[in-house]
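Architecture and fold: a report
What follows is the residue order along each chain.
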Amino acid sequence: MSGANCAIVIASIMLLGGYLRLRRSWRIGLSLLTLLGFTVLVTPEPSVLRSAVMATLTLLSIGAGRPGRGVPTLLAVVIGLLVTDPWLARNYGFALSVLATAGLLVLAGPLARVLAQWMPTALAAIIAIPLAAQLACQPVLILLNPSLPLYGVPANILAGPAAPIATVVGLVACLTLPVLPGVAVALLGLAWLPSAWIAAVAQGVSLLPGTRLPWPGGAPGVLLLALVTLLTLVVVLRGPTARPARWPAAVLAVLLVGLGGYAGSLIGAGIGRVASFPPDWQIAACDIGQGDAVVVRDGDQYALVDVGPDPQLLTVCLATLGISRINLLVLTHYDLDHIGGVDAVLGKVDTALVGVPENAQDERLHERLAAGGATVHQGARGDSGTLGGLRWNILWPIRGATTMQVGNPGSITIMFDGRGIRSIYLGDLGEDSQNALLRASPPGRVDVVKVAHHGSADQSPKLYAQLQARIGLISVGAANSYGHPTDALLNTLAAVGTLPMRTDREGLAVVAPGANGTLVLWTEKVGDRGPPATSTPTQTVAPDAAGPVGAAG
C-alpha cells in the first residue's frame, strides 16, 4: 500500500492547497516537503522508496508543465534505483511494489472496460484495481508461498476504503503529537478504527475454508502461473464483442482443460486426504513455521503443547484437525515462537500449564488466559493428570530450584502415556538442561519425542540414547536462518534409530497407534522419505528401536 499511501498524502496536500488558493508551485513544493517527511516517518523501505521517487518525478514534471506518463516514469525510477543500489533486485518488497504499480498502469484500465460490459462502471473499477495488482504480483508471491489466495481480491475490496482514512488521520496525529499531544491521542484513536477494520478483514478471510489453493513452488510454479495469467488475459481482454478468431479459441480450450485438471487434482487430493487420514490419531505436529505447536488427543479430549508464533497459522491447523476446544494447554516457556499464537486459543482453554513468569508481560499473558476462562497453573516436576485415557506427567523443571527455572533451560517437559504411544515434549531444552533432566527425572524409553529447540545442535546424545524414540517430531520453519535442524541433531537421531519427521518438509505430521505395536504416520507432504507408503507397517527403523513404523502419506 506504499504507493497508495503516497498518492493519498499528495492528493490531500494538493486539495488543501487548492482550498487555500495557493499557487501551483507552492502546492507542489508543499507536497514534496510533506512527501519527504512521510517517507522519513514510515522509514524508506524499498517499496516506500520506489513510491516516493516516482511521486517526486511526477510532481516535478507537473510543475514543469510536462506531465509524464506512468509507465515511462516507473521504468525510469526502477532503472535509477537499481543503478544506485543493485541489491534492490533481490528485494521482494521492491519487486512487488514495482509489479503492483505496473499492473495498475497496464491492466487496471483494460480490465475495468471489460468488466464494465457486465456491471456498472464504478463497480468494475473497484474490482479491476485490486485484480490488476494481484495478477501482476502473484508470480513473485508464489516464491514466498506456493499457493493461490482465493479471497485476495474481495479482501482488498473490503479493506481498501479504510486505508486512506487510516493514512490521513494517522499522519495528522503524528504531526500534531509534539505540539498538541491530547489532540494527537484522540486522532490516533480515530485512526485505530479503520486500522482495526483492515486487520479484522485479514483475520476473517484467513479463517474461511479454502483460503489458499496449492500451487507448485519455485521457478516451475512461477513460469506456469505467468503462462496461465498471460493466456487468461489474452482471452479476457478481447471482450465478448471482439470478432471471433481461431487462436484465442484454442487458448481458451487449453485454459479450460488446464482448469479442469487442476480442479480435479484438488478434489482428488481432498478425497485421498480424507481416505488416508488416520481417524484414531493421537499426536499432530502443526506446520506453523519456526515454532512449536503439537496436539495430543484421546477421543474428544485435546492437549496443545505451545501455540507457535502466529495465531492465524495455528487457527488453520486446529480447524484442519477439527478442534474447537483445548482441554489442556501447555506453554513450555515464553519465547515468541512458542506463545505468539496464543490469541487463537484465548477463550477456548480449560486448563493452562505455564512456566515461571519472567516479567510483567508474561504475567499479563496469564491474566488473559484466566480472563478467557482457563485455570492457570505453574507446572513443575511431579504435576500429573489425565487426558481422556492418557496419563500425563511433568518431568521438568524442578519447582523451587535456583537454576534452570526460566527461559529455554526451564522449558516445561511433559510426557503422555497411553493408547499404545508414550511421548515426550522437550520444549527448547539445551544439552545442560537435558542432562539435568536425565539425572533428576529419567524418562526411560518412548515412542515419540518432540525434538528440543527445533533441532538445534545444543542437544544431549545421552538423553536421546535413553529415549530411543521411534519417531522424532521436529517443528521447524522452511529455509530458516538458524540452520535447523542441524546435521549434529540428525546424526544423533540416526545413531539411536529415531526417524526424523520435519514440518518444513512433511507439513502437518500425524501419529496414530497401529496394529501389533506399530505406529502409523500420516504427513501432509511427501517430503524426503520417498513416495507415500500405505498405512501398513512397511517402513521400519533401526533394529535396536522399539519396533516397526508404518507410514501413510
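A count of helical and extended segments in the chain gives 19 helices and 18 strands. Looking at the chain as a whole, 44% of its 553 residues are labelled buried. Sequence separation of 24 or more characterises 60% of the internal contacts of the chain that already satisfy a separation of 6 or more. For the chain, the exposed area adds up to about 26,700 Å²; of that, 66% sits on carbon and sulfur atoms.

Turning to the state of the cysteines, a few remarks are in order. This model, assessed by the stated rule, comprises one disulfide. Across the disulfide, C286 is cross-linked to C317 (sulfur-sulfur distance 2.0 Å). What sets the handedness of the C286 and C317 disulfide is the S-S torsion sign, and at about -75° it is left-handed. Of the two residues, C286 sits in the loop between β3 (283-285) and β4 (294-298) while C317 sits in helix α13 (residues 311-321), which places them 31 residues apart along the sequence.

Before going further, it helps to spend a moment on the sheet that holds strand β10 (residues 390-396). Across the sheet, seven strands lie side by side as β9-β10-β11-β12-β13-β14-β15; this open sheet has mixed pairing. Of all strands in the sheet, those bounded by a partner on one side alone are β9 (384-387) and β15 (499-502). Recorded for the sheet is a direction-independent mean angle of 20° between the axes of neighbouring strands. Of the pairings in the sheet, the one linking β10 to strand β11 (residues 413-418) comprises five bridges and is antiparallel in character.

Turning our attention to the side chain of K450. Residue placement: K450 occurs in strand β13 (residues 448-450). Accessibility expressed as a relative area gives 3% for K450, which makes it buried. There is a polar contact of 2.6 Å between the side chain of K450 and the side chain of D292. Each residue touching K450, except ones within four places of it in the same chain, is listed here: D292, V294, I424, Y425, L426, G427 and L473.

We now examine the environment of L318. As for its position among the elements, L318 is in helix α13. Separated by 34 residues in the primary sequence, L318 and A284 place their C-alpha atoms 9.9 Å from one another.

Using the criterion set out here, one finds eight salt bridges in the structure. Linking D447 and R470 is a salt bridge whose minimum nitrogen-to-oxygen distance equals 2.8 Å. With D447 in the loop between α16 (431-440) and β13 and R470 in the loop between α17 (461-467) and β14 (471-474), this residue pair connects regions lying 23 residues apart in the sequence. Comparing D447 with R470 shows no difference in burial state: the two are buried. Note that R502 and D504 form a salt bridge whose closest N and O atoms lie 2.8 Å from each other. Exposure remark for D504: the relative accessible area of 15% places this residue in the buried category.

A separate point is a nonpolar patch on the surface. Residues L16, Y19, L20, L22, W26, L30, L33, L36 and V40 make up a contiguous nonpolar surface patch of about 990 Å² in total accessible area. Secondary structure elements with two or more residues in the nonpolar patch: α1 (2-19) and α2 (24-42). Among the elements that line the nonpolar patch, the one with the most residues is α2, at five residues. Counting through the fold element by element, Y19 comes out in helix α1. In this structure Y19 comes out as exposed when scored by relative accessible area, which is 69%.

Once that is clear, we can look at the pairing of strand β8 (residues 375-378). With four bridges connecting them, strand β7 (residues 349-354) and β8 associate as parallel partners. For L353, the partnering residue across the bridge sits in β8 and is H377. Handedness of the crossover joining β7 and β8 through helix α15 (residues 360-371): right-handed.

What follows concerns the confidence of the model for the chain. Across the chain, the average pLDDT comes to 83, with 87% of residues at or above 70. Per-residue pLDDT stays below 50 along residues 527-553; that stretch engages in 72 contacts with residues further than four places along the chain or on separate chains.

Within soluble globular proteins, side chains that are nonpolar generally end up buried alongside one another. Core analysis: the biggest nonpolar cluster contains 34 residues, and W281, V295, L304, L321, L329 and V345 have the highest contact counts within it. Breaking this core down by element, the ones donating at least two residues are β5 (301-305), α13, β6 (326-330), β7, α15, β16 (509-513) and β17 (519-523). Residue contributions to this core peak at four residues, all from α13. Contact partners of W281, with chain neighbours within four places excluded, come to V295, R297, Y302, L321, I323, V510, V511 and A512.

We now examine the packing of aromatic side chains. Tallying each qualifying case throughout the model produces two aromatic pairs. Centroid distance W281 to Y302: 6.3 Å. Interplanar angle 35°. Geometry classified as tilted. On the criterion of sequence distance, the pair formed by W281 in the loop between α12 (246-276) and β3 and Y302 in strand β5 is long-range, its members being 21 residues apart. Owing to a relative accessible area of 12%, Y302 belongs among the buried residues under this scheme.

A few words on the packing of α2 against helix α3 (residues 46-63). It is at 10 Å that the axes of α2 and α3 come closest, and there the two elements cross at 175°. As judged from the angle between their axes, α2 and α3 are roughly antiparallel. Residues R24, I28, S31, L32, L35, T39 and V42 of α2 form the contact with α3, whose participating residues are V48, A52, A55, T56, L59, L60, I62 and G63. The class makeup of the residues in the contact of α2 with α3 is ten nonpolar, four polar and one charged.

Quick notes on the rules
- Residues numbered from 1 in each chain as written.
- Predicted model: local features only at pLDDT ≥ 70, side-chain atom pairs only at ≥ 80, totals over all residues.
- Heavy atoms only, no water.
- Helix = DSSP H or I, 4+ residues; strand = E, 2+ residues; numbered from the N terminus.
- Buried < 20%, exposed > 50% of the residue type's maximum accessible area, 1.4 Å probe, protein only.
- Contact = heavy atoms within 4.5 Å.
- Areas by Shrake-Rupley, 256 points an atom, 1.4 Å probe, with all protein chains shown as cover.
- Disulfide = S-S within 2.5 Å.
- Pairing = 2+ DSSP bridges.
- Axes fitted to C-alpha atoms, helices over the stretch in contact; angles between N-to-C directions.
- Polar contact = N/O pair within 3.5 Å; in protein donor to acceptor, adjacent residues only side chain to side chain.
- Salt bridge = Lys/Arg side-chain N within 4 Å of Asp/Glu carboxyl O.
- Patch = residues over 30% accessible without salt bridge, like charges linked within 9 Å, V, L, I, M, F, W, Y side chains within 5 Å.
- Right-handed = clockwise from strand over helix to strand, strands pointing away.
- pLDDT = per-residue confidence, 0-100.
- Core = buried A, V, L, I, M, F, W, Y, C linked by side-chain atoms within 4.5 Å.
- Phe/Tyr/Trp six-rings, centres within 6.5 Å; stacked < 30°, edge-to-face > 60°.
- Parallel < 35°, antiparallel > 145°, perpendicular 65-115°, else oblique.
- Nonpolar A, V, L, I, M, F, W, Y, C, P; charged D, E, K, R; others polar.

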